[in-house]
Amino acid sequence: MAGKKASVWLWGCGAGCGLLVLLLVVMGAAAGFYFKRLTSGFDQAVKDASSLEQRHGAPETFTPSADGSIPAERMEAFLSVREAMGPVRVTLAEAFRKLPSTPAQIQDLEKKSGLDKFWTILSVGRVAVDFGSGMGEFFRARSQALLDAEMGMGEYGYIYAMAYWSWLGRSSSGGPGPSPATVPSFGEGGAEGGAEFHLLGAGVQARLRGQLLQMLRNQLAALPDGADPEWRDSLAAEVAALEEDPSRIPWSGAIPGPLAASLEPYRERLLRTYDPRLDPFELASPRQRHAGGYSAE
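Residues numbered from 1 in each chain as written. Predicted model: local features only at pLDDT ≥ 70, side-chain atom pairs only at ≥ 80, totals over all residues. Heavy atoms only, no water.

**Details of the nonpolar core**
F78, M151, Y156, Y158, Y164, W165 and L270 are the most contacted members of the largest nonpolar core, which totals 59 residues. Elements with a minimum of two residues in this core: α1 (2–56), α2 (72–84), α3 (86–97), α5 (114–149), α6 (153–167), α8 (203–221), α9 (229–244) and α10 (257–263). Looking at this core element by element, the count peaks at 11 residues for α6. For L270, the contacting residues outside a window of four places in its chain are M75, F78, L79, A163, Y164, W167, L168 and L263. (Core = buried A, V, L, I, M, F, W, Y, C linked by side-chain atoms within 4.5 Å. Buried < 20%, exposed > 50% of the residue type's maximum accessible area, 1.4 Å probe, protein only. Helix = DSSP H or I, 4+ residues; strand = E, 2+ residues; numbered from the N terminus. Contact = heavy atoms within 4.5 Å.)

**Quick word on the pattern of salt bridges**
Scanning all chains against the criterion turns up 11 salt bridges. R269 is the salt-bridge partner of E76, the closest N and O atoms lying 3.1 Å from each other. A residue pair is termed long-range when its members are at least 10 positions apart, and E76 in helix α2 and R269 in helix α11 (residues 267–272) qualify at 193 residues. The exposure class of R269 is partly exposed, given its relative accessible area of 21%. (Salt bridge = Lys/Arg side-chain N within 4 Å of Asp/Glu carboxyl O.)

**Observations regarding the side chain of E238**
For E238, the location among the structural elements is in helix α9. The class for E238 is buried, based on a relative accessible area of 6%. Among the polar contacts listed, one links the side chain of E238 to the backbone nitrogen of W251, at a separation of 2.8 Å. (Polar contact = N/O pair within 3.5 Å; in protein donor to acceptor, adjacent residues only side chain to side chain.)

**What to know about the packing of α2 against α3**
At their nearest, the axes of α2 and α3 sit 5 Å apart, and the two run at 50° to each other. By the angle between their axes, α2 is oblique relative to α3. Mapping the contact onto sequence places R82, E83 and A84 in α2 and G86, P87 and R89 in α3. Classifying every residue of the contact of α2 with α3 gives 2 nonpolar, 1 polar and 3 charged. (Axes fitted to C-alpha atoms, helices over the stretch in contact; angles between N-to-C directions. Parallel < 35°, antiparallel > 145°, perpendicular 65-115°, else oblique. Nonpolar A, V, L, I, M, F, W, Y, C, P; charged D, E, K, R; others polar.)

**Here we look at the packing of α2 against α6**
Contact pair α2 / α6: the axes reach a minimum separation of 11 Å and the direction vectors enclose 90°. Considering the angle they form, α2 stands roughly perpendicular to α6. Between α2 and α6, the contacting residues are R74, M75, F78, V81 and R82 on the first element and E155, Y156, I159, Y160 and Y164 on the second. A class-by-class count of the residues in the contact of α2 with α6 yields 7 nonpolar, no polar and 3 charged.

**Structural notes on α9**
Taking 1.5 Å of rise per residue, 16 residues should cover 22 Å, and α9 covers 22 Å from first to last C-alpha, within 8% of that figure. For α9, the complete set of buried residues consists of W231, L235, E238, V239 and L242. Down the axis of α9, the buried side of the element spans an arc of 100°, and every buried residue falls inside it. For α9, exposure combined with an orientation more than 90 degrees from the buried face picks out P229, E230, D233 and E244. The N-cap residue of α9 is D228: its side-chain oxygen and the backbone nitrogen of E230 are 3.1 Å apart. (Expected span 1.5 Å × (residues − 1). Arc of directions from axis to C-beta.)

**Considering the confidence of the model for the chain**
Looking at the chain as a whole, its pLDDT mean stands at 75, while 60% of the residues score no less than 70. Within the chain, the element-level pLDDT minimum falls on helix α7 (residues 191–194), averaging 34, and the maximum on α2, averaging 98. Contacts from residues 1–33, a stretch scored under 50 in pLDDT, to residues over four places away or in other chains number 5 contacts. Ignoring residues within four places in sequence, the model shows residues 182–199, a span with pLDDT below 50, making 47 contacts including any to other chains. (pLDDT = per-residue confidence, 0-100.)

**Notes on the packing of aromatic side chains**
Considering all chains together, one arrives at 7 aromatic pairs under this definition. A ring pair is formed by F62 and Y158, whose centres lie 5.7 Å apart and whose planes are at 50°; its orientation type is tilted. One end of the pair, F62, is in the loop between α1 and α2; the other, Y158, is in helix α6, and 96 residues separate them in sequence. This pair shows no difference in class: F62 is buried, exactly as Y158 is. Their ring planes at 40° and their centres at 5.1 Å tell us that F78 and Y156 sit as a pair that is tilted. Of this pair, F78 sits in helix α2 while Y156 sits in helix α6; the two residues are 78 residues apart in sequence, bridging distant segments of the chain. Using a relative accessible area of 0% as the deciding quantity, one classes F78 as buried. Aromatic ring contacts, followed pair by pair, group Y160, Y164, W165 and Y274 into a single cluster. (Phe/Tyr/Trp six-rings, centres within 6.5 Å; stacked < 30°, edge-to-face > 60°.)

Structure (structure tokens):
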């Protein structure tokens, strides 16, 4: 009788252990699938970004119009890119909404315990990977739209910054310019041979503002000898102000009249294609950090 009970107990233990092993295998396969989907999207996004730069040059090489305006055809090209990205922007914003990004949401997650915490973290991890793969699609859609519009990242970034940050005063942080995104990141030792995925850090702000400063330097250097002295002095003063204060957004004091006049007819279309949740990612670029690792910076 005792032997019969023992055999039943052993069978039960074997089934339970087998179920645990099966669960681990399924979870491992799922993790591999998600990370493979994430990295494959970024693989193509990195290639597309490289092709775009080869065709139009590095962003900081862009030179705005000498008179300070933005030609109407370039505004139309910019807005065609924004409108083409509409569907992927909606998808990415929805994924971002599901992530615990506020201090209160993160504290709630930390207070959980046991299986409840385990399954919540697993669910958040899946959403985070969806968000990561969505970022790859976001970059791919942006590069394709830019190629279709014959527009480089430099010109696109310049118009975006002038329109949303300098003129409309919009940003995800409530003030001019982007703020770092607070979303989960995947650290060392992830699936697929230690795949690693990082989102925006504070360095993205310094890079973008440095590019904008160089663009205004290019604009100043390109002014013809007969340029309006007042405009030359104003542009030179803005360049000097940006050099003195690295956190300054171009024309945050008073936007030039020709620039404002170029943007005003497109106010409604600009507002329709802006989402403050995605502001930190709009001008980010996909980068391959090492084999299997990517960043948006």
